[in-house]
Amino acid sequence: MAPPRLLAGGEHHPSPTTPSSPEHPLLAAHLLLPTPSASDLSSPHLPHALAFSFLTDPSSPLPRRLLVLLHAAGARFPAFYSAFASALLSLPFPLLLPHPRARLLLAAAELARAAAPGFAPLLLSLLRRVPFHGDARLLDIIRDNSPFLAAEEPQLLASAVFAFLRLLARNRLDPVLPSPRAECVNNCEECKHVKNLEECREKLVSFCVSVLRDHFQPCSLIGRDLVLSLHELVLVPEFQGLWKDLMSERAAVDIGWVSTPGWCTALAISPEMEIQLLFLMKNVKWGSQKRYQLWFARKHLMVPGGEERVPDIVRFICCGYHPTNEVIQSGVIARWAIIGWLLTSCSKGYVAANVKLALFYDWLFFDEVKGNVMNIEPAMLLMVNSVSQYVDITNMLLEFLFLLIDNYEVRRKEAIAQCVRCAFTVLVKKGVVPSLDVLMCCEKLSPLLRQKLVAFLSSSSPGAAEEACGKQINEVSKAAELKRVCSN
Amino acid sequence: MALKGAEATTVQLEDLVPAATNTVNTTFIVLDKAARQAHGHAHNGREETCMSLVADETAAVHFMLWGAECEAFQPGDIVRLTGGIFSYHRGNSLVLRAGKRGRAEKVGEFTMLFVETPNMSEMRWGRDPGDPRKMVQEAVVSPYSQVFKPLH
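What counts and how
Residues numbered from 1 in each chain as written. Chains lettered and ligands numbered in written order. Predicted model: local features only at pLDDT ≥ 70, side-chain atom pairs only at ≥ 80, totals over all residues. Heavy atoms only, no water. Helix = DSSP H or I, 4+ residues; strand = E, 2+ residues; numbered from the N terminus. Buried < 20%, exposed > 50% of the residue type's maximum accessible area, 1.4 Å probe, protein only. Contact = heavy atoms within 4.5 Å. Areas by Shrake-Rupley, 256 points an atom, 1.4 Å probe, with all protein chains shown as cover. Lys, Arg positive; Asp, Glu negative; His and termini not counted. Charge placed at Lys NZ, Arg CZ, Asp CG, Glu CD. Domains from an automatic or database assignment. Buried area = accessible area lost by both parts, 1.4 Å probe. Salt bridge = Lys/Arg side-chain N within 4 Å of Asp/Glu carboxyl O. Nonpolar A, V, L, I, M, F, W, Y, C, P; charged D, E, K, R; others polar. Core = buried A, V, L, I, M, F, W, Y, C linked by side-chain atoms within 4.5 Å. Expected span 1.5 Å × (residues − 1). Polar contact = N/O pair within 3.5 Å; in protein donor to acceptor, adjacent residues only side chain to side chain.

### So, the overall build of chain A
Across its full length, chain A carries 29 helices and zero strands. Counting only C-alpha atoms, chain A reaches 85 × 50 × 40 Å along its principal axes. In chain A, buried positions account for 56% of the 488 residues. Contacts in chain A between residues at least 24 apart in sequence constitute 73% of all its contacts with a sequence separation of at least 6. Within the structure as shown, chain A displays about 20,700 Å² of accessible surface, and the carbon and sulfur contribution to it stands at 57%. Between the mean site of the 48 positive side-chain charges and the mean site of the 45 negative ones, chain A shows a separation of 3 Å.

Here it is in structure tokens:
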């Protein structure tokens, strides 16, 4: 009888018996050790062979002998657990068949229960796959271990909270129906009882709220994107009380000053999205991007719930990938251009608004000492580079920025305005743009916005505006004179 | 006769030369795919075919998908072809295909660079005057595919 399959794939995928198949290392080890036992503990093939047995054994529940063998090997060889976890991680998740997929979650639960080395990367990689069929078990694993995680793996706990908050925020905009149940070939009980997170929304919400209340310290690792997410969920009743408390303790404000680390923004997009976006931004030259954009959109955006992921993608581009000067000068497509494409491809108004918020979010907390200019650079370059051909985009973004300053958080309005002024100044100081003339003296820009910008930059800190524009600005009413000066 | 072992070597698309042998091993990315066509065959019923544009970093070419391949491969897929054939199909259209003995497999997605010109299917080929068994490029019919226009 042919050995069971791990991955979906017909005759036009590499056969598992050929080395180019990702299934091959596991299958090859299985053929060498078809029924791994205690006598195989020192075999170099055991991690892969045992992983194959874990994923394919048809009996339900998983036979005890496999668990005993896992822990015997782990106790004997410190590197065994990690090798076993890497074997599980080596399989492309989207192609995993239903039974191996359910078993992968069981294996992750077992490794987490035993706090075995290698469980954290495995759980992190599964968190990036949310939502998927059967993802409710992931919540159980994290919840059952949360006190331990808070103490020993704070980054993993923060990651789980962030991944779940993003899922809730996206689903609030556009509830995605549970993916259809794929049939398990073994028709086993485990697979039948697999649940989706969408079916246990209340459990998910209460988990997030309780971790944020009980373990706020690890959650603060998320940085300002935690505030962004909670702000998005503020209309959900369960989050309202939490939000009020965080605001009154000023925790939400303090955490806003912490830049969200890149690993965190990567959590909210799938590994395939990350690989493809990075390929675009590192390898594809200007002018050759059209087909890649089309493929990306077809695969990731034109699917249920796809457009709702664009704000997360924009956060990833702003905070999760900062190209080196070498890459910037190599003629590849720039981050701002990718964001411009994503923004203009949004058909839903509320998604577009969240994309703009994602793009400007770091401006609202920008601080010259702690702020990273690479987080705010894409928004500036998109505004500046759109002036010549797509001035509508520049107008739209600038208008949105002023709306944000005035309305995003009325209580912090002046502080936000100061941060945005600082952002403009630093962008000039660091040479991202030679001066702000390109906006302040731009004929094509809506006159009202231009006036507002000039007034905004000169108010309260005229020095900054002068420095930024490189011209003396005394009064807003001298706009006409300003125009003359700048057009010289 | 070709050297023994030559069958195992991998070529880039710019190296394709029309020949009646099933010896093309190469990897490319599918750029575009036309609507399917069903052909009636008197002897073996209907076999679906579908034209696609594929490319690597050196050149593009028209790749003809047969039967289940039409469904299996989508634009953006990276495909490895073993034992393929680059020859004239139905008169004058020059296409790459797996043929009966060749095999096309999806090995990846998206992460491959490509060029859309030259297109090896848009060349006029003639017999090499020095060696009539060989074909040589005579002229470029079109720098880009005339079936699948580049996106600009």
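### Topic: the domain arrangement of chain A
Residues and elements named next belong to chain A. Here the domain parsing of chain A yields domain 1 (1–6 + 19–127), domain 2 (150–176 + 192–258) and domain 3 (262–434). Domain 2 and domain 3 are separated by 23 Å when their C-alpha centres are compared. Domain 2 puts 20 residues into the contact, and the matching count from domain 3 is 26 residues. Between domain 2 and domain 3, the buried area comes to about 2,200 Å², and carbon and sulfur atoms account for 63% of it. For the pair domain 2 and domain 3, the number of links is four salt bridges. Counting only elements with at least two residues in the side of domain 2 that touches domain 3, the list comes to helix H9 (154–173), helix H13 (224–232) and helix H15 (251–256). For the side of domain 2 that touches domain 3, the class distribution of residues is 10 nonpolar, four polar and six charged.

### Re the nonpolar core
Residue and element names in this part refer to chain A. Counting 186 residues, the largest nonpolar core has Phe84, Leu123, Phe239, Trp363, Met380 and Phe424 as its most contacted members. The element contributing the most residues to this core is H9, with 12 residues. When residues no more than four places from it in sequence are discounted, the contact partners of methionine 380 are Trp363, Phe424, Leu427, Val433, Leu436 and Leu439.

### Comments concerning helix H25 (residues 413–429) of chain A
The end-to-end C-alpha distance of H25 of chain A is 24 Å, a good match for the 24 Å that 17 residues give at a rise of 1.5 Å each. Burial runs high along H25 of chain A: 12 of the 17 residues are buried.

### Examining the interface of chain B and chain A
The interface of chain B with chain A comprises 28 residues on the first partner and 21 residues on the second. Taking both partners together, chain B and chain A bury about 2,000 Å²; carbon and sulfur atoms supply 60% of that area. By the criterion of area lost to chain A, the three top residues of chain B are Phe110, Leu113 and Leu151 of chain B, representing 33% of everything that side buries. Close ionic contact of glutamate 116 of chain B with arginine 291 of chain A constitutes a salt bridge, the shortest N to O distance being 2.8 Å. Linking chain B with chain A are nine residue pairs in polar contact (both at pLDDT 80 or more). Those elements that place two or more of their residues in the side of chain B that touches chain A are strand E1 (24–33), helix H1 (69–72) and strand E7 (103–109) of chain B. With six residues, the single largest contributor to the side of chain B that touches chain A is E7 of chain B. Residue composition of the side of chain B that touches chain A, by class: 16 nonpolar, three polar and nine charged.

### So, the pattern of salt bridges
Evaluated as defined, the whole model comprises 29 salt bridges over all chains. The residue arginine 129 of chain A makes a salt bridge to glutamate 272 of chain A at a minimum N-O spacing of 2.5 Å. On the criterion of sequence distance, the pair formed by arginine 129 of chain A in the loop between helix H6 (119–127) and helix H7 (136–144) and glutamate 272 of chain A in helix H17 (residues 271–283) is long-range, its members being 143 residues apart. We classify arginine 129 of chain A as buried; its relative accessible area is 16%. For glutamate 272 of chain A, a relative accessible area of 22% puts it in the partly exposed group. We note a salt bridge from glutamate 105 of chain B to arginine 103 of chain B, for which the minimum N-O separation is 2.7 Å. Glutamate 105 of chain B gets classed as buried once you look at its relative accessible area, which sits at 8%. Through salt bridges with shared partners, one network takes in Arg166, Arg170, Glu232 and Asp312 of chain A.

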